[in-house]
2 protein chains.
Amino acid sequence: MLPSWNDSTAKRSIIEFVARVNKKGGADFVPPMDRIAVFDNDGTLWAEQPFYFQGLFVFDRVRALAPQHPKWKNKQPFKAVLENDMKALAAAGQHGLVELVMATHADMTTEEFERTVKDWLATARHPKFNRPYTDLVYQPMLELLAYLRANGFKTFIVSGGGIEFVRTLSERLYGIPPEQVMGSSIVTKFEVREGRPVLVREPKLDFIDDHEGKPVGINKFIGRRPIAAFGNSDGDFQMLEWVTAGMGPRFGLIIHHDDAEREFAYDRASAAGKLDRGLDEAPKRGWTLVSMKKDWKRVFAFEKN
Amino acid sequence: MLPSWNDSTAKRSIIEFVARVNKKGGADFVPPMDRIAVFDNDGTLWAEQPFYFQGLFVFDRVRALAPQHPKWKNKQPFKAVLENDMKALAAAGQHGLVELVMATHADMTTEEFERTVKDWLATARHPKFNRPYTDLVYQPMLELLAYLRANGFKTFIVSGGGIEFVRTLSERLYGIPPEQVMGSSIVTKFEVREGRPVLVREPKLDFIDDHEGKPVGINKFIGRRPIAAFGNSDGDFQMLEWVTAGMGPRFGLIIHHDDAEREFAYDRASAAGKLDRGLDEAPKRGWTLVSMKKDWKRVFAFEKN
């Protein structure tokens with residue numbers, strides 16, 4: 001089991017936990033109905049460098065839509081995207097990013113948006129690996145998802161990214177159906193257009209599923225506390241904190257991206273997937289810290305062995 | 001199958017639909033993954049008269065909390081509840097009801113709220129039937145839920161009521177786990193209290209899962225369009241409209257409460273569960289209209305046969 005994991009402490013801690021909750025009559029037995037496991041997406045199930053893939057999708061959409069918006073050439077943060085000026089883009093901050101999301105993700109029906117995402121995923125290629133983004137899924141994590149499900153767990157994605165973006169790929173990439181995916185969202189409105197009911201995406205934030213938002217989102221969507229949580233950045237800290245503070249057996253795991261050769265090496269100073277507090281506190285909180293370099297036999301399915 | 005349903009058109013329309021989506025190689029075959037069925041709760045799965053049960057819970061909570069709030073004696077809408085003045089309560093309208101909900105459902109952790117609901121459900125009794133509210137579940141609908149699940153459907157509740165209220169009973173009453181329940185909600189906030197992470201319910205509306213909110217809620221929680229929808233009031237109209245407007249085989253059903261003897265008779269003029277537009281439009285939209293009186297052999301499991 002878990003063939004892409006090296007036989008180190010990390011792998012053993014997973015197997016030991018699953019055995020414990022699975023042991024009928026044991027002190028730590030958990031009935032299958034309560035075996036809920038939650039996973040962050042960016043940096044935990046697939047890569048997130050040089051930037052969150054949904055961010056790269058946003059930039060590509062801005063470029064594609066620019067001819068219809070001549071004013072963007074002189075207007076930040078659009079100008080920064082069109083000129084590939086990452087410094088100006090960073091200066092625009094969270095606020096600038098939200099503005100870009102609204103300009104590219106709203107004022108269309110949910111069906112139109114889904115089509116746009118699928119078209120992009122089918123054609124765009126990752127700058128480092130020159131492969132579709134959908135190839136950048138971590139093989140050890142796919143094995144972990146399958147292993148947990150084979151042991152009665154129900155697996156959920158709790159993403160800081162857009163819920164409808166992640167849902168277009170969750171079933172195909174991870175075997176996780178859309179109703180087991182939560183994420184950040186914009187407001188959606190019901191309308192009857194020419195006799196046909198549609199849901200229209202509005203340029204207005206609904207929910208940010210990150211940091212403190214993750215336990216809130218889990219409570220909203222799942223309605224009970226999971227027993228295991230998997231993340232990689234400080235955006236996952238409160239999720240792990242809340243999950244592992246529950247009664248009974250609990251499991252928390254953080255992936256540390258320390259493999260510049262096979263993937264990327266980043267942590268405390270990264271724009272995407274910053275890991276600082278989690279790196280300091282994981283040991284004293286009893287969370288498993290995974291070194292991609294040491295604990296994973298391979299990172300991607302396409303690697304030559 | 002469906003033993004509590006009379007052998008009438010309504011029952012036959014259900015069985016015919018399920019057979020159609022189940023027939024491998026048939027024109028209307030639907031893969032199990034897309035067999036999503038959504039159910040309203042109040043008036044569809046359990047009773048809602050003399051008023052929504054969660055409303056009756058709110059009134060009981062106001063009475064229980066009144067000694068700690070001496071000013072409520074002279075302040076509407078609290079005064080109306082304490083004096084059982086239904087006319088003044090109706091005059092306070094939706095706004096008054098929201099105020100009562102905030103005073104009784106907020107400023108506590110999610111765990112404290114769950115305990116309050118469970119205590120109430122265990123002790124309160126329905127004024128007409130003198131039984132716990134949890135006995136007021138419709139036997140034909142329990143059979144329908146089981147029948148659909150046996151045919152590969154995943155069943156969800158889409159309630160106008162409070163999501164955390166319905167979740168305390170959904171598994172036990174209907175076999176539906178909390179993560180397959182959506183409803184109206186108030187804002188929840190993550191906090192660390194004395195080193196312990198908790199979720200605190202705030203006196204602020206988050207989402208109203210009724211009328212236009214039902215398709216919006218379904219899209220948010222499930223992420224795709226169900227193929228079957230079951231309701232009883234005009235609060236379910238847009239849900240049925242959106243579900244049955246999708247491509248491929250679709251099924252919509254409305255329960256008409258026309259049985260004053262075994263349950264209650266109400267429709268166009270009712271304060272709870274008003275059914276007006278749905279009654280007019282069901283036939284031309286191809287929705288099955290269930291007469292409780294004619295189509296159900298029995299309503300509750302406790303009835304003598």
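Owing to the predicted nature of the structure, the values given are computational and were not obtained by experimental measurement.

Attention now moves to the relation of the copies chain A and chain B. Rotating chain A by 180° about the axis while translating it 0.0 Å along that axis superimposes it on chain B, leaving an RMSD of 0.0 Å. In short, the pair behaves as if placed about a two-fold rotation axis. Considering only C-alpha atoms, the residue of chain A closest to the rotation axis is Phe221 of chain A, which sits at 3.4 Å. Of all interface residues in chain A, 100% are interface residues in chain B too; the two copies therefore contact each other through one and the same surface.

Attention shifts here to the interface of chain A and chain B. Contact residues are listed per partner, giving 35 residues for chain A and 35 residues for chain B. Approximately 2900 Å² of surface area, both sides summed, lies buried where chain A meets chain B, with 55% of it carried by carbon and sulfur atoms. On inspection of chain A and its partner chain B, the count reaches 8 salt bridges. Counting the contacts that link chain A with chain B gives 20 residue pairs in polar contact (both at pLDDT 80 or more). A per-element tally of the side of chain A that touches chain B places helix α8 (residues 213–221) of chain A first, with 5 residues. Of the residues in the side of chain A that touches chain B, the class split is 16 nonpolar, 6 polar and 13 charged.

For the rest of this paragraph, the subject is the confidence of the model for chain A. Summary statistics for chain A give a mean pLDDT of 96 and a share of 100% for residues scoring 70 or more. Note on the complex model: pTM 0.96, ipTM 0.94.

Attention now goes to the pairing of strand β3 (residues 154–162) of chain A. Residues in a regular strand point their side chains to alternate faces of the sheet. Residues and elements named next belong to chain A. For β3, the tally of buried residues reaches 7 of 9 residues, placing the bulk of the element in the interior. For strand β1 (residues 36–39) and β3, the ladder comprises 4 bridges, and the chain directions are parallel. Considered in β3, the bridge of Ile36 is made with Lys154.

Residue and element names in this part refer to chain A. Within the secondary structure, Gly160 sits in strand β3. For the pair Gly160 and Pro3, spaced 157 residues apart in the sequence, the C-alpha separation amounts to 29 Å. Setting aside chain neighbours within four positions, we find Gly160 in contact with Asp40, Ser184, Asp209, Asp210 and Lys214.

Residues and elements named next belong to chain B. This structure, assessed with the given rule, holds 45 aromatic pairs over all chains. The interplanar angle of 45° and the centroid separation of 6.4 Å between the aromatic rings of Phe17 and Phe153 together place this pair among those described as tilted. In this pair, Phe17 sits in helix α1 (residues 9–22) while Phe153 sits in the loop between α6 (139–150) and β3 (154–162), placing the two residues 136 residues apart along the sequence. Consider the rings of Tyr138 and Trp296, whose centres lie 5.4 Å apart with planes at 50°: the pair is tilted.

Next up on the list: the pattern of salt bridges. Counted by the stated rule, this structure contains 48 salt bridges over all chains. Close ionic contact of Arg20 of chain A with Asp28 of chain A constitutes a salt bridge, the shortest N to O distance being 2.4 Å. Here Arg20 of chain A falls in the partly exposed class, since its relative accessible area comes to 29%. Three or more residues joined by partner-sharing salt bridges are found here, namely Asp34, Lys154 and Arg224 of chain A together with Glu179 of chain B.

Right, let's talk about the sheet that holds strand β6 (residues 228–231) of chain B for a bit. Reading across the sheet, the 8 strands line up as β2-β5-β4-β3-β1-β6-β7-β8 (chain B) and stay open at both edges, with mixed pairing between neighbours. Of all the strands in the sheet, the pair left with one neighbour each is β2 (108–109) and β8 (288–291) of chain B. As defined by bridge partners, strand β4 (residues 181–193) of chain B adjoins strand β5 (residues 196–207) of chain B across 8 bridges and the pair is classed as antiparallel. By the bridge assignment for β5 of chain B, Thr188 of chain B is matched with Arg201 of chain B. The strands touched by α8 of chain A within the sheet are β4 and β5 of chain B, with β4 of chain B carrying the most contacts at an inclination of about 150°.

Moving on, we come to the packing of helix α2 (residues 53–65) of chain A against helix α5 (residues 110–123) of chain A. All names here are of chain A. The geometry of α2 relative to α5 is characterised by a closest axis approach of 11 Å and an angle of 100° between their N-to-C directions. By the criterion of interaxial angle, the relationship of α2 to α5 is roughly perpendicular. Contacts from Phe53, Leu56, Phe57, Asp60 and Arg61 in α2 reach Phe113, Thr116, Val117 and Trp120 in α5. Here the contact of α2 with α5 is composed, by residue class, of 6 nonpolar, 1 polar and 2 charged.

Moving on to the sheet that holds strand β6 (residues 228–231) of chain A. Residues and elements named next belong to chain A. Within the open sheet, the 8 strands sit side by side as β2-β5-β4-β3-β1-β6-β7-β8. Their pairing is mixed. In this open sheet, the two strands that pair with only one neighbour each are β2 (108–109) and β8 (288–291). By the bridge criterion, 4 bridges tie β6 to strand β7 (residues 251–256) in an arrangement that is parallel. Bridging across to β7, Ala228 finds its partner in Phe251. Packed onto the sheet, helix α1 (residues 9–22) meets β6, β7 and β8 and runs at close to 155° relative to β7. Taken strand by strand, helix α6 (residues 139–150) contacts β1, β3, β6 and β7, and its axis lies near 165° from that of β1.

Calculation notes
Residues numbered from 1 in each chain as written. Chains lettered and ligands numbered in written order. Predicted model: local features only at pLDDT ≥ 70, side-chain atom pairs only at ≥ 80, totals over all residues. Heavy atoms only, no water. Least-squares fit on C-alpha atoms with pLDDT ≥ 70 in both. Contact = heavy atoms within 4.5 Å. Buried area = accessible area lost by both parts, 1.4 Å probe. Salt bridge = Lys/Arg side-chain N within 4 Å of Asp/Glu carboxyl O. Polar contact = N/O pair within 3.5 Å; in protein donor to acceptor, adjacent residues only side chain to side chain. Helix = DSSP H or I, 4+ residues; strand = E, 2+ residues; numbered from the N terminus. Nonpolar A, V, L, I, M, F, W, Y, C, P; charged D, E, K, R; others polar. pLDDT = per-residue confidence, 0-100. Buried < 20%, exposed > 50% of the residue type's maximum accessible area, 1.4 Å probe, protein only. Pairing = 2+ DSSP bridges. Phe/Tyr/Trp six-rings, centres within 6.5 Å; stacked < 30°, edge-to-face > 60°. Axes fitted to C-alpha atoms, helices over the stretch in contact; angles between N-to-C directions. Parallel < 35°, antiparallel > 145°, perpendicular 65-115°, else oblique.

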